[in-house]
Amino acid sequence: MFTWLIALALAASAPATTPAPAPGPDAVAVAAPPAQVMALPPELRERVHREVLKGAPSQTQRLERLAHFMFDAQSGLGMDYREDATYAVEQAYATRTANCLAFTMLFLALAREVGLDAYPQEIRETLSWREDADIVYRNNHINAAVRIGARGYVVDVAGGSVIARDDPVPVSDARLLSHYYNNLAVELLARGQAEAAAQQMTRALELDPAYAPHWSNAGVIRLRTGDAVSARQAYDRALALEPDEPGALFNMAGLANRIGDRRLEAEYRQRLERVQRKDPFHHVLQAMQYERAGDYAQAIRHYRRAIRLYPDEHRFYSALARAYLHNDEPRRAAKALARALALSDGATRAAYRAELDRLRHASN
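Residues numbered from 1 in each chain as written. Predicted model: local features only at pLDDT ≥ 70, side-chain atom pairs only at ≥ 80, totals over all residues. Heavy atoms only, no water.

- Looking at an unreviewed UniProt entry, one finds the protein named Tetratricopeptide repeat protein, with Lysobacter niastensis as its source organism.

## Thoughts on the packing of aromatic side chains
Here is step 1 of the chain: By the definition in use, this model includes five aromatic pairs.
Here is step 2 of the chain: Seen from their ring centres, phenylalanine 281 and tyrosine 310 are 6.0 Å apart, and the 80° between their planes marks the pair as edge-to-face. A residue pair is termed long-range when its members are at least 10 positions apart, and phenylalanine 281 in helix 11 (residues 280–292) and tyrosine 310 in the loop between helix 12 (296–309) and helix 13 (314–326) qualify at 29 residues. Accessibility assignment for this pair places phenylalanine 281 and tyrosine 310 in one class, buried.
Here is step 3 of the chain: Among the aromatic residues, those joined into a ring-pair cluster are Phe281, Tyr310 and Phe316. (Phe/Tyr/Trp six-rings, centres within 6.5 Å; stacked < 30°, edge-to-face > 60°. Helix = DSSP H or I, 4+ residues; strand = E, 2+ residues; numbered from the N terminus. Buried < 20%, exposed > 50% of the residue type's maximum accessible area, 1.4 Å probe, protein only.)

## Digging into the pairing of strand 6 (residues 141–148)
Regular strands place side chains that alternate from one sheet face to the opposite one.
Here is step 1 of the chain: For strand 6, the tally of buried residues reaches seven of eight residues, placing the bulk of the element in the interior.
Here is step 2 of the chain: Across seven bridges, strand 3 (residues 117–123) lies against strand 6 in antiparallel orientation. Each residue of the ladder has a partner; that of alanine 118, found in strand 6, is valine 146.
Here is step 3 of the chain: Two strands pair when backbone bridges link them, and strand 6 and strand 7 (residues 151–155) are joined in this way by five bridges, in the antiparallel orientation. Bridged to arginine 147 within strand 7 is glycine 152. (Pairing = 2+ DSSP bridges.)

## Digging into the nonpolar core
Here is step 1 of the chain: Among the nonpolar cores identified, the biggest contains 74 residues, and Leu66, Phe107 and Leu110 are the most heavily contacted of them.
Here is step 2 of the chain: Ranked by the residues each element gives to this core, the list is headed by helix 4 (residues 100–113), at eleven residues.
Here is step 3 of the chain: Excluding its chain neighbours within four sequence positions, the residues that come into contact with phenylalanine 107 are Leu63, Leu66, Met70, Ala144, Val146 and Val155.
Here is step 4 of the chain: Judged by nonpolar contacts, the second largest core, of 27 residues, contains Val284, Leu285, Tyr310 and Ala334. (Core = buried A, V, L, I, M, F, W, Y, C linked by side-chain atoms within 4.5 Å. Contact = heavy atoms within 4.5 Å.)

## Re helix 14 (residues 330–343)
Residues lying three or four places apart along an α-helix face the same way, a consequence of the helix completing one turn every 3.6 residues.
Here is step 1 of the chain: Over its 14 residues, helix 14 extends 20 Å from the first C-alpha to the last, a length consistent with the 20 Å expected when each residue adds 1.5 Å.
Here is step 2 of the chain: All of the buried residues along helix 14 are Ala333, Ala334, Ala336, Leu337, Ala340 and Leu341. The buried residues of helix 14 all sit within an arc of 165° when viewed along its axis, so they share a single face. The exposed residues of helix 14 that point more than 90 degrees off its buried face are Arg331 and Lys335.
Here is step 3 of the chain: Where helix 14 is buried, its residues touch helix 13 and helix 15 (346–363). (Expected span 1.5 Å × (residues − 1). Arc of directions from axis to C-beta.)

## Considering the pattern of salt bridges
Here is step 1 of the chain: With the rule as written, the count across this model stands at 16 salt bridges.
Here is step 2 of the chain: Arginine 45 serves as the salt-bridge partner of glutamate 113, at 3.4 Å between the closest nitrogen and oxygen. Separated by 68 residues along the polypeptide, glutamate 113 in helix 4 and arginine 45 in helix 1 (residues 42–52) bring together distant segments of the chain.
Here is step 3 of the chain: By relative accessible area, glutamate 113 is classed as partly exposed at 25%.
Here is step 4 of the chain: For glutamate 265, the salt bridge is made with arginine 262, and the minimal N-O distance between the two is 3.8 Å. Taken together, the positions of glutamate 265 and arginine 262, both in helix 10 (residues 262–277) and three residues apart, correspond to about one turn of that helix.
Here is step 5 of the chain: Relative accessible area serves as the criterion here: at 11%, glutamate 265 is assigned to the buried category. (Salt bridge = Lys/Arg side-chain N within 4 Å of Asp/Glu carboxyl O.)

## Let's talk about the side chain of threonine 104
Here is step 1 of the chain: Locating threonine 104 in the fold gives a position in helix 4.
Here is step 2 of the chain: What makes threonine 104 buried here is its relative accessible area of 2%.
Here is step 3 of the chain: Separated by 2.8 Å, the side chain of threonine 104 and the backbone oxygen of cysteine 100 make a polar contact. (Polar contact = N/O pair within 3.5 Å; in protein donor to acceptor, adjacent residues only side chain to side chain.)

## Some remarks on the sheet that holds strand 3
Here is step 1 of the chain: Read across the sheet, four strands follow the order 7-6-3-8 without closing on themselves; strand pairing throughout is antiparallel. Looking at which strands have only one partner, the edges of the open sheet turn out to be strand 7 and strand 8 (169–170).
Here is step 2 of the chain: In the packing of helix 2 (residues 59–71) onto the sheet, the strands contacted are strand 6 and strand 7, and the crossing angle to strand 6 comes to about 150°.
Here is step 3 of the chain: In the packing of helix 4 onto the sheet, the strands contacted are strand 3, strand 6 and strand 7, and the crossing angle to strand 6 comes to about 20°. (Axes fitted to C-alpha atoms, helices over the stretch in contact; angles between N-to-C directions.)

## Notes on the side chain of serine 344
Here is step 1 of the chain: Looking at the secondary structure, you find serine 344 in the loop between helix 14 and helix 15.
Here is step 2 of the chain: Using a relative accessible area of 9% as the deciding quantity, one classes serine 344 as buried.
Here is step 3 of the chain: Engagement of the side chain of serine 344 in a polar contact is seen with the backbone oxygen of alanine 340, the distance being 3.1 Å.
Here is step 4 of the chain: If we ignore the near neighbours within four places in the chain, the residues touching serine 344 are His314, Arg349 and Tyr352.

## Some remarks on the pairing of strand 3
Here is step 1 of the chain: The element strand 3 is largely enclosed, with a buried count of six among its seven residues.
Here is step 2 of the chain: Both strand 3 and strand 8 contribute to a ladder of two bridges, which runs antiparallel. Within the sheet, the bridge partner assigned to glutamate 122 lies in strand 8 and is valine 169.

And the structure:
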């Protein structure tokens, strides 16, 4: 199976079914100082005033115009999504490229400029991950919310592709900026620049020292710089803040194994196992690994466990149906696919219906 050395890095928003490639040579942005990360370039400020505020629109009209301005390629910015584009607002504007974090920061800066009550939100647990060498990156997701009177609106560059276990919760700008520097640190680490990664992680922790996953990431980075003592201190800090933080538990168990403390390793692996037993996303990741290895019986077992813990996600049933087909169980595959159909809508529902019809036709 895979080895978790770093967890919950906020770099992506869409679930990956295959390992993503390592970031390219231009993937890591130049870090802006905190006061400049969300600053609007004068040209962009003037443009949004001209195109969004023309004619004294209502707040609802401002939101509609701003969404059009962000997405429309002909008359607006035409923003493109790219997983490794952890950019400050100025760079996102210059490149017209952003990941979920950079897009959210750009939208918030513009929304506040035109007088909207906008704030960031975080979805802590998503089924979004990638592997690179001996590191597994498990991601969370950021989007923007706008409050107009008693109504709330969400603006999300990739919300439809996110499998989320939790509802989004509002977070502070300090947390948002902390994620920005954490992302840069993670991307630098992926390129083998551990010392530079440590510098960016220090900024992340200074901005939001109460966020446990960042301390776990800091421990991984410190270990990569050869400082096992500081790594353990970082993991301890993460677990003091959040005793069930899975990345820190896994990383502490790995550190205990590295230093030869079998008793400590067993303690943390037991704690991790208790957490993972209740985590549907862990079982989905396990199932995907077994499926790749051709062990479809084990894949089915873990998909079913995930469904018992999180029964309303249509993509879990679709994956279970695929595993059943590989395991030569077409009737069970059809049953799982029918459940996926019932839980979905729109184009996804139509695709499931067509797939189910083909499966039933092949079985007759």
